[in-house]
Amino acid sequence: MRFDILTLFPDMMEAVLGDSIIGRAKKNGLIEINCIQIRDFTHDKHRQVDDYPYGGGRGMVMQPQPIYEAYQSICDKLDYKPYTIYLSPQGKTFRQSTAKRLAKKEHIVLLCGHYEGVDQRILDEIVDAEISIGDYVLTGGEIACMAVVDAVSRLVPGVLKDEESFSEESHYSGLLEYPQYTRPEEWHGKKVPDVLLSGHHKNICEWKRKMSIKTTFEKRRGMLSKIKLSEKEKNFVEELKREQNCKGKK
Ligand code: ADE
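Residues numbered from 1 in each chain as written. Predicted model: local features only at pLDDT ≥ 70, side-chain atom pairs only at ≥ 80, totals over all residues. Heavy atoms only, no water.

Topic: the environment of Glu177
Next, step 1: Inspection of the secondary structure assignment puts Glu177 in the loop between α7 (164–167) and β8 (186–187).
Next, step 2: Sequence separation of Glu177 and Met211 is 34 residues, and the distance between their C-alpha atoms is 7.8 Å.
Next, step 3: Setting aside anything within four residues of it in sequence, one finds Glu177 in contact with Glu168, Glu169, Ser170, Ser212 and Thr215.
Next, step 4: Separated by 2.7 Å, the side chains of Glu177 and Gln180 make a polar contact. (Helix = DSSP H or I, 4+ residues; strand = E, 2+ residues; numbered from the N terminus. Contact = heavy atoms within 4.5 Å. Polar contact = N/O pair within 3.5 Å; in protein donor to acceptor, adjacent residues only side chain to side chain.)

Focus on the packing of helix α1 (residues 10–17) against helix α6 (residues 142–153)
Next, step 1: The geometry of α1 relative to α6 is characterised by a closest axis approach of 11 Å and an angle of 30 degrees between their N-to-C directions. Relative to α6, the element α1 lies roughly parallel. Our pair here, α1 against α6, has a crossing hand that is right-handed. In this structure, α1 contributes Met12, Met13, Val16 and Leu17 to the contact, and α6 contributes Glu142, Ile143, Cys145, Met146 and Val149. (Axes fitted to C-alpha atoms, helices over the stretch in contact; angles between N-to-C directions. Parallel < 35°, antiparallel > 145°, perpendicular 65-115°, else oblique. Left-handed = near helix turned anticlockwise from the far one by under 90°.)

Quick word on the site of the ligand
Next, step 1: Taken together, Leu87, Ser88, Pro89, Ile131, Ser132, Ile133, Gly134, Tyr136, Val137, Leu138, Gly140 and Ala144 make up the full set of residues adjacent to the ligand.
Next, step 2: A distance of 3.0 Å is found between a nitrogen atom of the ligand and a backbone nitrogen or oxygen belonging to Leu138.
Next, step 3: Against a free-state accessible area of 260 Å², the protein chains account for coverage of 97% of the ligand.
Next, step 4: Among the elements of the structure, β5 (83–93) and β7 (129–132) are those that each provide at least two residues to the shell around the ligand.
Next, step 5: The element that contributes the greatest number of residues to the shell around the ligand is β5, accounting for three residues.
Next, step 6: Residue classes in the shell around the ligand are distributed as eight nonpolar, four polar and no charged. (Near = heavy atom within 4 Å. Areas by Shrake-Rupley, 256 points an atom, 1.4 Å probe, with all protein chains shown as cover. Nonpolar A, V, L, I, M, F, W, Y, C, P; charged D, E, K, R; others polar.)

What about the side chain of Asp50?
Next, step 1: Looking at the secondary structure, you find Asp50 in strand β3 (residues 50–51).
Next, step 2: For the buried residue Asp50, which engages in no salt bridge, the nearest side chain bearing the opposite charge is Arg39, 5.7 Å off.
Next, step 3: In this structure, Asp50 is in contact with Met60, Val61, Met62, Gln63 and Tyr115, ignoring residues within four places of it in sequence. (Buried < 20%, exposed > 50% of the residue type's maximum accessible area, 1.4 Å probe, protein only. Lys, Arg positive; Asp, Glu negative; His and termini not counted. Salt bridge = Lys/Arg side-chain N within 4 Å of Asp/Glu carboxyl O.)

Section: the nonpolar core
Next, step 1: Ranked by size, the top nonpolar core spans 32 residues in total, and within it Phe3, Ile5, Ile31, Ile33 and Leu110 carry the most contacts.
Next, step 2: Here this core gets seven residues from one element, more than from any other, and that element is α6.
Next, step 3: Sequence-distant contacts of Leu110, defined by excluding residues within four places in its chain, comprise Phe3, Asp4, Ile5, Leu6, Ile85, Leu87, Cys145, Val148 and Val149.
Next, step 4: Within the second largest apolar cluster, 19 residues are counted, among which are Ile36, Cys75, Val118 and Leu123. (Core = buried A, V, L, I, M, F, W, Y, C linked by side-chain atoms within 4.5 Å.)

Quick look at the packing of helix α9 (residues 201–219) against helix α10 (residues 231–249)
Next, step 1: One way to put it is that α9 packs onto α10 with a least axis distance of 11 Å and a crossing angle of 45 degrees. One finds that α9 runs oblique with respect to α10. Both α9 and α10 take part in a crossing whose hand is right-handed. On α10, the residues that touch Arg209, Lys210, Ile213, Lys214 and Phe217 of α9 are Glu233, Phe236, Val237, Leu240, Lys241 and Gln244.

What to know about the packing of aromatic side chains
The way to describe two aromatic rings as a pair is by their centre distance and the angle between their planes.
Next, step 1: The final tally for this structure, using the stated rule, is one aromatic pair.
Next, step 2: If you follow Lys105 out to its NZ or CZ, it ends over the ring of Tyr83, 4.3 Å from the centre.
Next, step 3: The ring of Phe217 has Arg221 sitting right over it, with the charged end atom 3.9 Å from the ring centre. (Phe/Tyr/Trp six-rings, centres within 6.5 Å; stacked < 30°, edge-to-face > 60°. Lys NZ or Arg CZ within 6 Å of the ring centre and 35° of its normal.)

Points about the sheet that holds strand β1 (residues 2–7)
The pairing of strands in a sheet comes from backbone hydrogen bonds and takes either a parallel or an antiparallel form.
Next, step 1: The strand order β2-β1-β6-β5-β7 describes an open sheet built from five strands, whose pairing is parallel. In the strand order of this sheet, the two ends are held by β2 (32–37) and β7, each with one partner. Direction aside, neighbouring strands of the sheet carry axes that sit 30 degrees apart on average.
Next, step 2: Helix-sheet contacts for helix α3 (residues 64–75) involve β1, β2, β5 and β6 (107–112), and the interaxial angle to β1 is about 160 degrees. (Pairing = 2+ DSSP bridges.)

Set out below in structure tokens:
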């Protein structure tokens with residue numbers, strides 16, 4: 001899978017995306033990440049990429065031409081239009097389901113905006129989707145872009161050592177993950193649940209599913225209405241509600 005990132009801060013992106021699991025995936029040839037400096041596509045001696053907004057208003061706006069030429073430097077070598085994302089607080093909120101959908105694409109271009117915005121005409125011309133990582137405003141699209149590239153890359157087959165590790169984790173199945181434990185068996189007087197030490201595979205699976213439901217109930221109850229639960233599981237949720245009501249009354 002290939003990512004091309006249009007940015008004014010390629011060094012910052014490369015430093016983060018060159019390390020850890022994503023860095024290893026790059027070295028193994030599973031993903032390719034190219035960071036393209038938009039400023040390299042200016043034609044004036046100050047390498048200016050922004051200008052004052054027409055009609056007045058705050059700050060500076062990124063000009064369309066350097067972004068267009070940076071984008072064309074990618075497209076010139078292709079016989080298709082790569083799926084192009086603009087990171088912006090106005091975009092659709094990025095979710096695990098978005099990451100799953102994007103992981104099926106072979107090539108994604110990401111545009112990181114800066115200053116007070118980007119000239120609308122370049123967005124209209126090249127962008128297929130506008131993505132936000134949450135309802136808050138960052139100083140630029142770079143941090144959002146890194147979050148998207150990280151979340152998508154780890155879903156590419158082979159990037160994680162054990163592919164099962166994401167099929168069980170939070171958000172993947174619509175539930176949050178069950179609690180995890182490692183050695184020692186007892187720490188600060190707290191013991192690991194017996195079932196996890198039992199070696200009984202079926203009971204362990206049941207416990208994990210039940211604890212996922214409980215964790216989701218406690219932390220993100222709204223998610224439970226979106227997934228299919230068995231009758232037994234629905235009863236378990238009712239039990240959790242009763243328990244919570246009792247606690248509330250005490
Ligand atoms: N750029 C600035 N804020 C952003 C956000 N919340 N998500 C994506 N891109 C952004």
